[in-house]
Amino acid sequence: MIPQYLVDFDLAELPVIDTDVIVIGSGIAGLFTAIKASENRKVTMITKKSLMESNTRYAQGGIAAVISDEDSPASHREDTLLAGAGLCSSASVDILVHEGPEGVKELMTLGTAFDLENGELALTKEGAHSHRRILHANGDATGYEIVRALSEQVGGHANIDIWDDHFVIDLITKDNECLGALVQQPDGGRVFLRGTATVLCSGGAGQLYRYTTNPEVATGDGVAMAYRAGALIRDMEFIQFHPTALCYPGAPRFLISEAVRGEGAILRNIRGERFMEKYHGLLELAPRDIVARAIVSEMEETGATHVYLDITHEEPETIKYRFPTIYGTCIGYGLDMTTDWIPVAPAAHYMMGGVQTGHHGETSVRRLFACGEVSSTGVHGANRLASNSLSEAVVFGRRIVERIRQLAPLAETGAGIACRSDRHEAVIQPIVERRLKLQKVMVRQVGVRRTKGGLLKGIEELKRQLPIFGAVLHTREQLEFANMLTCALLLAESALVREESRGGHYREDFPERDDERWRRHILCHREKGMLEEISDDV
């Protein structure tokens, strides 16, 4: 069994630092929540690298919100529910589509400069959206612009204390109440950060896979520490694989935004044949899971490691203006989007599941909240609609702060809390080798397409790494690996239980969607095991 705490400690022997609100993570969810909370609370913001390093920074396509008079919240709601394949929370989606536009306005007030056309906000369209409702910044650098603007607000704020290069090891709890966090400092020392509320904004878990669009910090820390603390984890089997990540020798799996297809790019196999008409009526703008599986099928059929994305029929100046980041990155590897087909393949991109929350970001552990990709608010269901994630972070970040303002001061001090176990001293196999092995298992057995046999084999291989929890863990890399292993097991075991195909979860041995049996969520709890919950999507 995975233990409650990763390391031994005695709070009586540790320095204690008090704050009002602890924010763990520095993407859009963490930055926005910290700004809102700091209006009347002292906030301590913890990031294991820096404010500018998060999944948000690499978000290209944009942020979805109803801005145009031709669009409506009802239409945005319908698109989101359709993409979520029967597992969205209707109430959560209603909150998103109605409160999202106000969130966008607040981002602009805080300094985010979205692109304009003729003095109006420029809107584009992405896969499975029925209207142009995607706002973007600097063409294809939306996430970077949002993080830039919010970081400037956070950096100079008197009520926000920023802890860069710190690592949250575990959440400290007593009687199902979160008292704060055990934090490792850059020099290896540890402190107990105590707070009235703790907000997980730690992002996703793309690093579970060898091929991912996520940065190296996306190791599933928030989900793993919440699971150990006794929070419910929901829908972990639903991983979104972005269909079009750059697949070129010497280049990272750089995201080629869905907006490129939204502006007219088409997919071709290595024979040069356009193929999406064989798979879906929406062609290149079909939901991401369908496009990703179609690409994998074409790669297998042609014996290739990639397909091509072709936007060479568009005007070169239009491409350079609309996609300056993608164009510049590709040029750096000798690929010219205006004349060359870009080699692409699917890569792990987004975690639909996470820490289960209510409509104000509250988890099943008192005083513990979750926001952004680490959370499972019910907005995304089995498959996230493109560009809904940034909107979700802002909408629910504001709601979390509303709930925090209603909390009574923390009465429990944490006195007497300690963890003492018989951990052995050494981690013998290098962590880099363990991490690579885990990533390969996930790609091969728990990837775009899954089977019972493959999942059982994958779980067996992952469980061979369980002795890590009995070791004395010192370094960030060791602690990260323990979190990755936790998330990988939750994901694989949930995927094994769900005997159907839906959204980002595809079982070759159960290729059909089964609403009669599986229109429900799989929940994971450290002590209670696996539970089920009926979906409220209507």
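Residues numbered from 1 in each chain as written. Predicted model: local features only at pLDDT ≥ 70, side-chain atom pairs only at ≥ 80, totals over all residues. Heavy atoms only, no water.

(A) How the structure looks around the state of the cysteines. Applying the stated criterion to the full structure yields 0 disulfides. There is no disulfide at Cys-330, and the cysteine sulfur nearest it, in Cys-247, is 12 Å away. In this structure Cys-330 comes out as buried when scored by relative accessible area, which is 1%. Counting only cysteine sulfurs, Cys-201 is the nearest neighbor of Cys-371, a cysteine outside any disulfide, at a range of 5.0 Å. (Disulfide = S-S within 2.5 Å. Buried < 20%, exposed > 50% of the residue type's maximum accessible area, 1.4 Å probe, protein only.)

(B) Focus on the side chain of Ser-257. Tracing the backbone shows Ser-257 in the loop between strand S14 (239-246) and helix H6 (258-262). Relative accessible area serves as the criterion here: at 2%, Ser-257 is assigned to the buried category. Of the polar contacts made by the side chain of Ser-257, one reaches the backbone nitrogen of Ala-259; its length is 2.9 Å. (Helix = DSSP H or I, 4+ residues; strand = E, 2+ residues; numbered from the N terminus. Polar contact = N/O pair within 3.5 Å; in protein donor to acceptor, adjacent residues only side chain to side chain.)

(C) View of the sheet that holds strand S8 (residues 134-135). Reading across from one edge, S4-S8-S7 is the order of the 3 strands in this open sheet, with antiparallel pairing throughout. Of all strands in the sheet, those bounded by a partner on one side alone are strand S4 (63-64) and strand S7 (123-124). Pairing of S7 with S8 involves 2 bridges; the strand directions are antiparallel. Along S8, the bridge assignment pairs Leu-123 with Leu-135. (Pairing = 2+ DSSP bridges.)

(D) Seen up close, the sheet that holds strand S16 (residues 307-310). Here 4 strands make up an open sheet; going across it, the order is S14-S17-S16-S15 and the pairing antiparallel. Bordering the open sheet on either side are S14 and strand S15 (266-268), each of which pairs with just one other strand. Neighbour to neighbour, the strand axes of the sheet diverge by 45 degrees on average, direction disregarded. Where S15 and S16 come together, 3 bridges link them in antiparallel fashion. If you follow Arg-268 over to S16, its bridge partner there is Tyr-308. The strands touched by helix H7 (residues 288-302) are S14, S15, S16 and strand S17 (342-351); relative to S14, the strand with the most contacts, the crossing angle is about 55 degrees. (Axes fitted to C-alpha atoms, helices over the stretch in contact; angles between N-to-C directions. Contact = heavy atoms within 4.5 Å.)

(E) Fine view of unusual backbone geometry. You will see that Asn-118, though not glycine, has its phi angle at about 55 degrees, which is positive. A positive phi angle, close to 55 degrees, is found at Leu-283, a residue other than glycine. Looking at where Leu-283 falls in the secondary structure, it is placed in the loop between S15 and H7.

(F) A look at helix H1 (residues 28-37). Across the 10 residues of H1, 10 count as buried, placing the element largely inside the fold. Restricting attention to buried positions, one finds in H1 the residues Ile-28, Ala-29, Gly-30, Leu-31, Phe-32, Thr-33, Ala-34, Ile-35, Lys-36 and Ala-37.

(G) Spatial organisation of the pairing of strand S12 (residues 190-200). Counting buried positions along S12 yields 10 of 11 residues, so the element is predominantly enclosed. Summarising the sheet, strand S2 (residues 16-24) and S12 pair through 8 bridges and their orientation is parallel. Bridge pairing links Val-16 to Phe-192 in S12. Pairing of strand S11 (residues 177-184) with S12, which is carried by 5 bridges, proceeds in the antiparallel orientation. In the strand pairing of S12, Val-183 is matched with Val-191. Alignment of S12 against strand S19 (residues 368-370), held across 3 bridges, turns out to be parallel.

(H) Fine view of the environment of Val-379. With respect to the element layout, Val-379 can be found in the loop between strand S20 (375-376) and helix H10 (388-404). Owing to a relative accessible area of 1%, Val-379 belongs among the buried residues under this scheme. As a C-alpha pair, Val-379 and Met-352 span 27 residues in sequence and 8.9 Å in three-dimensional space. Here Val-379 is in contact with Thr-80, Cys-88, Ser-92, Val-93, Leu-96, Glu-392 and Phe-396, once residues within four sequence places are set aside.

(I) Structural context of the packing of aromatic side chains. Per the counting criterion, the structure on display carries 4 aromatic pairs. Between the aromatic rings of Phe-275 and Tyr-279, the centroid separation amounts to 6.3 Å while the plane-to-plane angle is 85 degrees, which identifies the pairing as edge-to-face. Using a relative accessible area of 30% as the deciding quantity, one classes Tyr-279 as partly exposed. Over the face of the ring belonging to Tyr-211 we find Arg-253, whose NZ or CZ atom lies 4.1 Å from the ring centre. The ring of Trp-518 carries the charged tip of Arg-517 above its face, separated from the ring centre by 4.0 Å. (Phe/Tyr/Trp six-rings, centres within 6.5 Å; stacked < 30°, edge-to-face > 60°. Lys NZ or Arg CZ within 6 Å of the ring centre and 35° of its normal.)

(J) Fine view of the pattern of salt bridges. In this structure the tally under the stated criterion is 46 salt bridges. Of the charged contacts, one joins Glu-258 and Arg-261 as a salt bridge, the two residues approaching to 3.9 Å between their closest N and O atoms. In this pair, Glu-258 and Arg-261 both sit in helix H6, 3 residues apart, roughly one turn of the helix. Across the pair Arg-271 and Glu-301 runs a salt bridge whose closest N-O atoms are separated by 3.9 Å. With a gap of 30 residues between them, Arg-271 in the loop between S15 and H7 and Glu-301 in helix H7 connect regions that are remote in the sequence. (Salt bridge = Lys/Arg side-chain N within 4 Å of Asp/Glu carboxyl O.)

(K) Geometry of the side chain of Glu-106. Mapped onto the fold, Glu-106 is located in helix H3 (residues 90-109). Looking at Glu-106, its side chain comes within polar contact range of the side chain of Lys-36, at 2.7 Å. Filtering out sequence-adjacent residues up to four positions away, Glu-106 remains in contact with Phe-32, Lys-36 and Arg-398.

(L) Region of the structure containing the packing of helix H2 (residues 73-83) against H3. As a packed pair, H2 and H3 sit with axes 9 Å apart at the nearest point and diverge in direction by 135 degrees. Relative to H3, the element H2 lies oblique. H2 and H3 meet at a crossing whose hand is right-handed. Facing Pro-73, His-76, Arg-77, Thr-80 and Leu-81 of H2, the residues of H3 in contact are Ser-90, Val-93, Asp-94, Val-97 and His-98. Among the residues making up the contact of H2 with H3, the classes are represented as 4 nonpolar, 4 polar and 2 charged. (Parallel < 35°, antiparallel > 145°, perpendicular 65-115°, else oblique. Left-handed = near helix turned anticlockwise from the far one by under 90°. Nonpolar A, V, L, I, M, F, W, Y, C, P; charged D, E, K, R; others polar.)

(M) Here's a closer look at the packing of helix H5 (residues 221-228) against helix H13 (residues 476-497). Two elements in contact, H5 and H13, have axes separated by 8 Å at closest approach and are oriented at 80 degrees. Relative to H13, the element H5 is oriented roughly perpendicular. On H13, the residues touching Asp-221, Val-223, Ala-224, Tyr-227 and Arg-228 of H5 are Glu-480, Asn-483, Thr-486, Cys-487 and Leu-490. Broken down by class, the residue content of the contact of H5 with H13 amounts to 5 nonpolar, 2 polar and 3 charged.

Any functional reading would require information beyond the geometric quantities listed.
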